[in-house]
Amino acid sequence: MSAEIKVRRQSSRKRSRDRRISHLTPARKRTSASGRQCPDNTGQIELSRALDKSMDATFSEYCSDPEDLFGDYDSIVSDSSFLAKLDRVGQNMRQHDIDHTTSSRCPVILLAGNPDFTSLKSSTDNCPKQSCDDSMTESFLEGFTDDAFLDMPSSQLAFLQDPQTADRNCCTDEDKTSMPMRHPEKSVSTEERNERHIAPKARKSVSDHLKRAMMANAATPSSVSRTAVQKEAVVTEEISVAMQAMESVSMATTDLGPFFGLPTKVKELICNLKGIKDLYEWQKTCLNLDSVQQRRNLIYSLPTSGGKTLVAEILILKELLCRKKDALFILPYVSLVQEKVRGLASFGLELDFMVEEYAGSKGRFPPVKGRGKRSLYIATIEKAHGLVNSLIETNRLDNVGLVVVDELHMLGDGSRGAIIEMTLAKVLYISKSTQIIGMSATLGNLQDIQKFLKAESYTNDFRPVELKEYVKLKDSIYEVDPKEEECFRFSRVLNFKYSSAMQKIDQDHIVALVTEVIPSQSCLVFCPTKKNCENVAGMICKYLKEDFIQHKQAEKAVLLGELRSSGNGCLCPVLKKTVPYGLAYHHSGLTSEERKLVEEAYSAGVLCLLTCTSTLAAGINLPARRVILRSPYVAADFLKRSQYKQMVGRAGRAGIDTHGESILILQDKDKVLAKKLVSAPMEICKSNLMHSDGKGVLSLILSVIGLNITNSLEQIRDFMSGTLLSVQEKQVCLERSLWEVTQECVELLKEKGLVTVSTEPQDGSLQVTKLGRATYKGSVDLTYCDLLYRDLSKGLESLMLNSFLHLIYLVTPYDMVSQCKPDWMVYFRQFTLLSAAEQKMCAAVGVSESFVARKAAGQNVKKNVDQVVVSRLYLALVLQSLLKETDLWSVADRFQLSRGLIQTLLSSSSVFCSCVLHFTEELEEFWPFKALLTELTRRLTYCVQAELIPLMEVAGVMERRAKQLYNAGYKTLAHLANADPNVLAKTVENLFKKQANQIVASAKVCPLSNA
Ligand SMILES: Nc1ncnc2c1ncn2[C@@H]1O[C@H](COP(=O)(O)OP(=O)(O)OP(=O)(O)O)[C@@H](O)[C@H]1O
Ligand SMILES: [Mg+2]
């Protein structure tokens, strides 16, 4: 059965691809024209399967043969007539050089008379004496600053470093083939250098000749030639033609310099901006792998803090600078995306490419064309999916030469994992030339993922900083050693003197453990719940000596001031108590501003300890000498091996610490499970397309049809065979085959009115309906698409535009409803404050004043009221207050909700608002929403006074900083982009020079607007 599928897949894939390419645009038009599905009726059709909440819409994928992936790579070699010409010239030149090497070795080659380069010849007349070699060399090198070398191929650079040798060898050894540079960082021998110089194919050798000729000509003293005056004009013209030719050659070449094919400037930037002087051996090996050189897909897996990011960044720069293609960098969290945008903006500025943020509601679909510049898209998982879809739709996916996925193990992470899988599968299927690189520290089943991505793998257990793992049981510390039978080897008894009262409160001796390292070194304490984070931070402070208060007192006072001003005068009571001791908690209950301030203060050593939940576990580069795991649980669940590894991996980060250690606090009852935890292999990363009763597959199929990637069941089957789900069919699908699942899903989509069969005679192809198109384009959860359509239709009948309330209600995320229970008294008070028009609108959606009043009075209400509507309207009231006041703290106070929840509500509403905007754009009947929701998305995204919005377009600039900048006179993006970072740092309070640099660089590379 499976063999049969395989055979068919091969052939039908080709068919499907042909069909896809040739029919893409017309079919799409056809679909929208014939999408006769009446959305009004679709609400009656229920999915026969329970579709869970909170999953973004999905799209399609597929993969091709590995060799197909590089079909058009380096095609310039084969068919450029110019290169053919150059080859001929090369042959002539080589012949010429061989003829002249021994007799008249002369660096001066005049380009005589013939503009088609076919009669290059040396002029003995103009040839200086043998002894002029040195002076010539010096004189022509003098004219070049380092910058002049940046665009040169490595071979050319080698030549310039040693022109005499290079020249000699260039002329004599013509048969060497192109080889990747194996050890570009090592000092190379003359032979190696020569070899490298000669190595590139004939066209490079010719380009070297041309360049040399020009340089030499330019350096030739005019007095040498008797006919110089007459020849000058000819020479000038020749040089100009040769310059043009050189430019064409350097456009075609992918080798721009000695640093893994990149200019030396990149190395300098890495040194200056990241403080990294030399690459680790594994990084060099990895960058020189054949698979990397030949642009095959690659997964590399190294321990935490192994330095994986730098390799990815160098490959991204190669793609942008050498291959002149766009690149997509996918990271799991908004904060990581913003950190990366800030970090790479300076590279973009120096190396002339755009850095575009795709996170939250930022990022345009399809991206704005880069006005001649290449773009690096840095995106969250969800945004990357939307971006890839929009590029497929506009036939631009081929422009993306490289997709990098950080934390690739997240493929196994619920609905987000499903989205990564869909994105990658689509890239594999659609763009044969796009390379995919994935990295992770915790991938258990590399083989499955390799098979899915048709990738090679590289693994290494290098960790630059030693990490020692310990567990604590009672008062003893044991070193983790999975090789030992017991797994734990006794190390020491913990040294502490506790009073009996303290023993009661701090039974796990956390104070003793942390005071071994703080305040001089830093410590992270992972806790199972948010509340526990706050409690533990408070408890530790209770037992810390007053000395801790004196440590970095002034900086901590500044931090407290900033925290207070970020809350418009409000300060979290827990932080108020803990910060003076150098401690803070960090979890999703903080506002974005607080989080950022806490992270920055911890990185700078102002805070020495953070208690945190697992959200700090992945990817973030916060330094910790010691990581303590308060218990082996996340909420009520025992830790997974990969979670454990990520958490302990925060200790001992390269460049920050010399070593690191982790201590897992255990109770006797957890000992057996803990042994497994520290010694078992990493968990298997499973496909999540079947997550939530197959919602991933449903969404995927919808988008595959919508994007015109497939139009028949056969093609969908073919497409699905390229997913990770297909690789793991037996493990994941269990009772049914993937084929059966696929068929069922197509039927469900038809029943739900999202997909239909063409009624054109003899067509019978599958098409998405208008609602189907709106759903996948808006990334709207399939569970809610009917409801959203109904709500919007109803809203349109009596849209209340006197205030934002009605619009806000329509974009309040359905999946936030369950997270909030209205406080009826607050509800009633707020309701009474509404205008008459607003109250009328509330009644129209189904919440009357009398209902709220009765609830507030504690009466039972018999009337059948939709609880979802009631709660959603409550959240809308919260959001409306936020938009009016922009003060998260006072709104939290008024509605008796935590500020963390309000922050989450605000960010998810801005994301959902942009989803609804895209949804309505596909349905003509919703035309009025376009302008309204565009503005609302913008307001929800920033939720600040309108004048601060342009400044907040810059990655990482939040309200408080925007206010400071605005007050300092930097009122627009252009002001910031043209600012002098030194002046900025001096003018704006508590802004470090490095931050000022990042702000200016980010402003410069920021596309002018985001939607
Ligand atoms: N060659 C190098 N020399 C010195 N420091 C380096 C080098 N390469 C990377 N680093 C530094 O090592 C630290 C960790 O690197 P990175 O964040 O890439 O780790 P990682 O492998 O991605 O770890 P994780 O799996 O935890 O995300 C960073 O601060 C980075 O700047
Ligand atoms: Mg990393």
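As named in an unreviewed UniProt entry, the chain is Helicase, POLQ like, taken from Oncorhynchus kisutch. UniProt, in the comment section headed Subcellular location (unreviewed entry), describes the chain in these words: "Nucleus". Under the UniProt heading Catalytic activity (unreviewed entry), the note attached to the chain is "ATP + H2O = ADP + phosphate + H(+)".

**Q** Can you explain the site of ligand 1? Please cite residues and give values.
**A** Of all residues adjacent to ligand 1, which total 20 residues, the nearest are Asp278, Ser305, Lys308, Thr309 and Arg653. Gly306 places a polar main-chain atom, nitrogen or oxygen, 3.1 Å from an oxygen atom of ligand 1. Lys308 is positioned with one of its side-chain polar atoms (N or O) 2.8 Å from an oxygen atom of ligand 1. Looking at the shell around ligand 1 element by element, the count peaks at three residues for helix α14 (residues 308-322).

**Q** With reference to specific residues and values, describe the environment of Arg625.
**A** By the element assignment, Arg625 lies in the loop between β13 (609-612) and β14 (626-629). Under the relative-accessibility criterion, Arg625 is labelled buried at 11%. The sequence separation of Arg625 and Arg650 amounts to 25 residues, and the corresponding C-alpha distance is 8.7 Å. Those residues within four positions of Arg625 in sequence are excluded, and the remaining contacts are Val517, Gln521, Ser522, Ala651, Asp657, Thr658, His659, Gly660 and Glu661.

**Q** Can you break down the nonpolar core residue by residue, with the values?
**A** Across soluble globular proteins, nonpolar side chains have a tendency to be buried as a group. Among the nonpolar cores identified, the biggest contains 129 residues, and Leu328, Leu453 and Phe919 are the most heavily contacted of them. The leading source of residues in this core is helix α39 (residues 867-885), at 11 residues. Leu453 has contacts with Asn297, Ile299, Leu408, Leu424, Leu428 and Ile436, leaving out every residue within four places of it along the chain. Grouped together as the second largest cluster of nonpolar side chains are 72 residues, Ile540, Cys572, Tyr602 and Leu616 included.

**Q** Lay out the pairing of strand β17 (residues 659-666) in plain terms, naming residues and giving numbers.
**A** Across the eight residues that make up β17, a large majority, seven, are buried. Alignment of strand β8 (residues 466-473) against β17, held across eight bridges, turns out to be parallel. Looking at the pairing, Lys468 lines up with Glu661 of β17. Where β14 meets β17, four bridges bridge the pair, whose relative direction is parallel.

**Q** So, the sheet that holds strand β4 (residues 374-379): which residues are in play, and what are the values?
**A** What the seven strands build is an open sheet, ordered β3-β4-β2-β5-β6-β1-β7; its pairing is parallel. Lying at the two open borders of the sheet, with one neighbouring strand each, are β3 (353-358) and β7 (456-459). With direction set aside, neighbouring strand axes in the sheet form an average angle of 15 degrees. Packed on one face of the sheet, helix α16 (residues 381-393) meets β2 (326-330), β3, β4 and β5 (400-405) and runs near 150 degrees to β2.

**Q** Explain the environment of Leu411 to me, using residue names and the numbers behind them.
**A** Considering the arrangement of structural elements, one finds Leu411 in the loop between β5 and α17 (414-430). The exposure class assigned to Leu411 is buried, which follows from its relative accessible area of 0%. Considered as a pair, Leu411 and Asn688 are 277 residues apart in the sequence and their alpha carbons are 7.4 Å apart.

**Q** Which residues make up the pattern of salt bridges, and what values do they have?
**A** Applying the stated criterion to the full structure yields 44 salt bridges. Salt-bridge contacts for Arg323 lead to Glu319; the nearest nitrogen and oxygen are separated by 2.5 Å. Judged by relative accessible area, Arg323 falls into the buried class, the value being 18%. The exposure class of Glu319 is buried, given its relative accessible area of 3%. Between Glu357 and Lys362 there is a salt bridge whose closest N-O contact spans 3.6 Å.

**Q** Go over the packing of helix α28 (residues 691-706) against helix α32 (residues 738-751), please, and point to the residues and values.
**A** When two helices pack together, their arrangement is given by the angle between the helix axes and by the axis-to-axis distance. Between α28 and α32, whose axes approach to 9 Å, the crossing angle comes to 65 degrees. Considered as vectors, α28 and α32 are oriented roughly perpendicular to each other. Of the two elements, α28 crosses α32, and the hand of that crossing is right-handed. Residues Gly694, Val697, Leu698, Ile701 and Leu702 of α28 form the contact with α32, whose own contacting residues are Val741, Thr742, Cys745, Val746, Leu748 and Leu749. Here the residues of the contact of α28 with α32 sort into nine nonpolar, two polar and no charged.

**Q** Explain unusual backbone geometry to me, using residue names and the numbers behind them.
**A** Phe365 connects to Pro366 through a cis peptide bond whose omega is -15 degrees. By the secondary structure assignment, Pro366 is in the loop between β3 and β4. The amide bond that connects Ile518 to the next residue, Pro519, takes the cis arrangement and shows omega of 5 degrees. Examined against the element boundaries, Pro519 turns out to sit in the loop between α20 (510-515) and β11 (523-526). Phi angles above zero are rare outside glycine, and Cys487 is one such case at about 75 degrees. Positive phi is not limited to glycine here, since Lys552 has a value of about 50 degrees. Mapped onto the secondary structure, Lys552 falls in the loop between α22 (547-550) and α23 (553-566).

Here is what the cut-offs are and how they apply
Residues numbered from 1 in each chain as written. Chains lettered and ligands numbered in written order. Predicted model: local features only at pLDDT ≥ 70, side-chain atom pairs only at ≥ 80, totals over all residues. Heavy atoms only, no water. UniProt positions renumbered as here; feature names shortened; annotations may be inferred. Near = heavy atom within 4 Å. Polar contact = N/O pair within 3.5 Å; in protein donor to acceptor, adjacent residues only side chain to side chain. Helix = DSSP H or I, 4+ residues; strand = E, 2+ residues; numbered from the N terminus. Buried < 20%, exposed > 50% of the residue type's maximum accessible area, 1.4 Å probe, protein only. Contact = heavy atoms within 4.5 Å. Core = buried A, V, L, I, M, F, W, Y, C linked by side-chain atoms within 4.5 Å. Pairing = 2+ DSSP bridges. Axes fitted to C-alpha atoms, helices over the stretch in contact; angles between N-to-C directions. Salt bridge = Lys/Arg side-chain N within 4 Å of Asp/Glu carboxyl O. Parallel < 35°, antiparallel > 145°, perpendicular 65-115°, else oblique. Left-handed = near helix turned anticlockwise from the far one by under 90°. Nonpolar A, V, L, I, M, F, W, Y, C, P; charged D, E, K, R; others polar.

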